[in-house]
Amino acid sequence: MNNSICGQGNQNHKFVFTGKGWDYFIICLVNFLLSCITLGVYTPWAIVRCRRYIYEKMTLNGQHFVYKATGGAIFVSFLLIMVISVASVSFIANNSPFIGFSLIGLLVAALPLMTIKSLQYQAIMTSLNGVRFGFNCSTFQAWLYMLAVPVVLALINWAVVYLLILATDWVEMLVRIAFIAFVGIVGMGVTYGITYAKWMQLVGNGGYFGIHRFAISVDMKMCVVGCIKAVLVLLPFVVVIAWLIAPIFLQMMMLAVLGVADDEFILENQSRITACYFLYFTGIIVVGSFLYTTLRNLFMNNLVLAEGKIRFHSSVTVHGLVWRFVLVIFISGITFGLGYPWMKMWLVSWLASHSHVQGDLDALELTDHQEELATGPAMWVSRGVMTYFPFI
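An account of the accompanying structure is given in this report.

What counts, and where the lines are drawn
- Within each chain, residues carry numbers counting from 1 in the order of the written sequence.
- Whole-chain, interface and lining totals are the exception, using all residues; otherwise, since this is a predicted model, local features are given only for residues with pLDDT of at least 70 and side-chain atom pairs are given and counted only at 80 or more.
- Hydrogens and waters are ignored; side-chain quantities use all the structure's heavy atoms.
- Strands are runs of DSSP state E lasting at least two residues, helices are runs of H or I lasting at least four, and both sets are numbered from the N terminus onward.
- Buried means the residue's accessible area, taken with a 1.4 Å probe over protein chains only, is under 20% of the maximum for its type, while exposed means over 50%, and partly exposed covers the values in between.
- All tallies of charge rest on Lys and Arg as positive and Asp and Glu as negative; His and the ends of each chain are not included.
- Salt bridges are defined as contacts in which a side-chain nitrogen from Lys or Arg sits within 4 Å of a carboxyl oxygen from Asp or Glu.
- Under the rule applied, a polar contact is a pair of N or O atoms within 3.5 Å (in protein, one hydrogen donor and one hydrogen acceptor; residues adjacent in sequence only if both atoms are side-chain atoms).
- When checking whether two residues touch, look at their non-hydrogen atoms; a contact exists if any pair is within 4.5 Å.
- Here, strands pair whenever DSSP counts at least two bridges between them.
- To define axes, lines are fitted to C-alpha atoms, for helices over the stretch in contact only, and angles between the resulting N-to-C directions are given on a 0 to 180 degree scale.
- Side-chain rings of Phe, Tyr and Trp, where Trp is taken by its six-membered ring, are said to pair if the distance between their centres is within 6.5 Å; with planes under 30 degrees apart they count as stacked, over 60 as edge-to-face, and otherwise as tilted.
- We call a charge positioned above a ring when the Lys NZ or Arg CZ atom is no farther than 6 Å from the ring centre and deviates by at most 35 degrees from the ring normal.
- Joining through side-chain atoms within 4.5 Å is the link that ties buried Ala, Val, Leu, Ile, Met, Phe, Trp, Tyr and Cys residues into a set, and such a set is a nonpolar core.
- Angle categories: roughly parallel below 35 degrees, roughly antiparallel above 145, roughly perpendicular from 65 to 115, and oblique for all the rest.
- Less than a right angle of anticlockwise turn of the near helix away from the far helix marks a crossing as left-handed, whereas a clockwise turn marks it as right-handed.
- Under the grouping applied here, Gly and all other residues not named as nonpolar or charged are polar, the nonpolar ones being Ala, Val, Leu, Ile, Met, Phe, Trp, Tyr, Cys and Pro and the charged ones Asp, Glu, Lys and Arg.
- In this analysis, the expected span of each helix is defined as 1.5 Å times one less than the number of residues it contains.
- Working definition: the arc comes from the directions between the helix axis and the C-beta atoms, pointing outward to the latter.

## Observations regarding the side chain of arginine 383
- Along the chain, the position of arginine 383 falls in the segment after helix H12 (377–380).
- Of the side chains with opposite charge, glutamate 372 lies nearest to the buried arginine 383, which makes no salt bridge, at 10 Å.
- Only 3.0 Å separates the side chain of arginine 383 from the backbone oxygen of alanine 374, close enough to count as a polar contact.
- Once residues within four sequence positions are removed from consideration, arginine 383 is found in contact with Ala73, Ile74, Ser77, Ser118, Tyr121, Gln122, Leu373, Ala374 and Thr375.

## As for the sheet that holds strand E9 (residues 310–314)
- A barrel is described by the order of its strands in space; here 10 strands give the closed sequence E1-E2-E3-E4-E5-E6-E7-E8-E9-E10, paired in antiparallel fashion. Put simply, the sheet's adjacent strands are angled 30 degrees from each other on average, direction ignored.
- Bridge count for strand E5 (residues 131–135) against strand E6 (residues 207–209) is 3 bridges, and the pairing is antiparallel. Each residue of the ladder has a partner; that of glycine 134, found in E6, is tyrosine 208.

## With respect to the packing of aromatic side chains
- Here the structure, examined in full by the defined rule, presents 16 aromatic pairs.
- Pairing tyrosine 42 with tryptophan 45 gives two aromatic rings, centres 6.3 Å apart and planes at 15 degrees, and the pair type is stacked.
- In this structure tyrosine 42 comes out as buried when scored by relative accessible area, which is 16%.
- Assessed through its relative accessible area of 31%, tryptophan 45 is described here as partly exposed.
- Pairing tryptophan 45 with phenylalanine 75 gives two aromatic rings, centres 5.6 Å apart and planes at 40 degrees, and the pair type is tilted. Highlighted residues: tryptophan 45 in helix H2 (residues 43–56) and phenylalanine 75 in helix H3 (residues 71–93), separated in sequence by 30 residues.
- The rings of Phe15, Phe65, Phe133, Phe209, Phe214 and Phe312 are connected pair by pair, giving a single aromatic cluster.
- Sitting above the plane of the tryptophan 243 ring, arginine 272 keeps its charged end 5.6 Å from the centroid.
- Sitting over the ring of tryptophan 380, arginine 383 keeps its end group 4.2 Å from the ring centre.

## Focus: the nonpolar core
- Core analysis: the largest hydrophobic core is formed by 65 residues, its most contacted members being Phe65, Met200, Phe209, Cys223, Leu305 and Phe312.
- Among the elements that take part in this core, helix H9 (residues 270–300) stands out by supplying 6 residues, more than any other.

## What about unusual backbone geometry?
- Backbone geometry places glutamate 307, a non-glycine residue, at a positive phi of 60 degrees.
- Within the element layout of this structure, glutamate 307 appears in the loop between strand E8 (303–305) and E9.
- We classify glutamate 307 as exposed; its relative accessible area is 80%.
- In this structure, phenylalanine 336 takes a positive phi of about 55 degrees despite not being glycine.
- Relative to the assigned elements, phenylalanine 336 resides in the loop between helix H10 (318–334) and helix H11 (340–353).
- Note on phenylalanine 336: relative accessible area 78%, which makes it exposed.

## As for the packing of H10 against H11
- At their nearest, the axes of H10 and H11 sit 9 Å apart, and the two run at 165 degrees to each other. By the criterion of interaxial angle, the relationship of H10 to H11 is roughly antiparallel. For the element pair H10 and H11, the recorded crossing hand is left-handed. Counting all contacts with H10, which are made through Gly320, Leu321, Trp323, Arg324, Phe325, Leu327, Val328, Ile331 and Ser332, the residues of H11 involved are Tyr340, Met343, Trp346, Leu347, Trp350 and Leu351.
- Its residues placed into classes, the contact of H10 with H11 shows 12 nonpolar, 2 polar and 1 charged.

## Things to note about helix H1 (residues 21–37)
- Compared with an ideal rise of 1.5 Å per residue, which puts 17 residues at 24 Å, H1 spans 24 Å between its outermost C-alpha atoms and is within 8% of the ideal.
- Here H1 has its buried residues at Gly21, Tyr24, Phe25, Ile27, Cys28, Asn31 and Ser35. Along the axis of H1, the buried positions cluster into a sector of 165 degrees, meaning they face one direction only. Set apart from the buried face of H1 by more than 90 degrees, the exposed residues are Trp22 and Ile37.
- If you follow the buried residues of H1, they end up packed against H2 and H11.

Here's what the structure looks like:
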């Protein structure tokens, strides 16, 4: 094993992605055909093949990442979730809602544990220069930050909105709706911000590379402000959509009350309805890009390795990500998915070029950790729950 990451003493290193659209197209084509032939059973193997290609074409300082996960390992998780989902729906449909919802509740309660087990598997299956990554964190903290905290914050947000509804009867209707909607949106941003800040700490402080641990200190205020801004970005789209669709909705309600079905009315307003769909999906892309950029930059720019000797930096921009997402969706759509592999490689290459490692990699001791891959039942049923590391 090498004693250090090969390099020329450079203190700033970019991730370099060398994947090719044609090679990825062949992988996607084979995955699609085999998934269709096997009625979806091959999906876990397809996910692993795509991820392995991307990992192995990603280099840091001339060294390729290695990804050794297998489709069979994550198939059990896919099968378990599918069986529980089908069984729950079946019980609910056959007048046994208590059993159905109980199964769903048990699955949701177990998701934090399954998530950290899955992240452990994904980390230990990934290596660089012969040294494996690893992940470990408190099960209680995982359950607290992934489930309890977001649920409690969401309930508080809904309670505040409900109390405002009761306390503002005297306010003019439009002002009341606008004010309550604004408070609800801000509350949603606060919920997201606190939750994601806790998740970042959980993921960042739980990771390690060989004998070196990652660490992160996240400014919760910055995370909350970023999430509020991301949610507020959606507000103009919601206002325009409401302005376009409200007259149509009121007219349809009136026709329904009168018992009159008017298909010509729908056809006459087809352009407005189409515009609403367009604005909705555009808003989702913009908000998603804003949120992803905010969280990714906040996470990577505060992440360190080996007690701060190695630092990370992300320079992804919102506008850069938005128009790339739009092009990926547009080109993939007009080519019926055939152009997706080339667009995917283009997007990954751009993300890699805006990801940096700062520090003397030559001086970093490369010694693998001694942790062995867990093989218990909890690990087997959890490996496919989270097939990627968030915020990266």
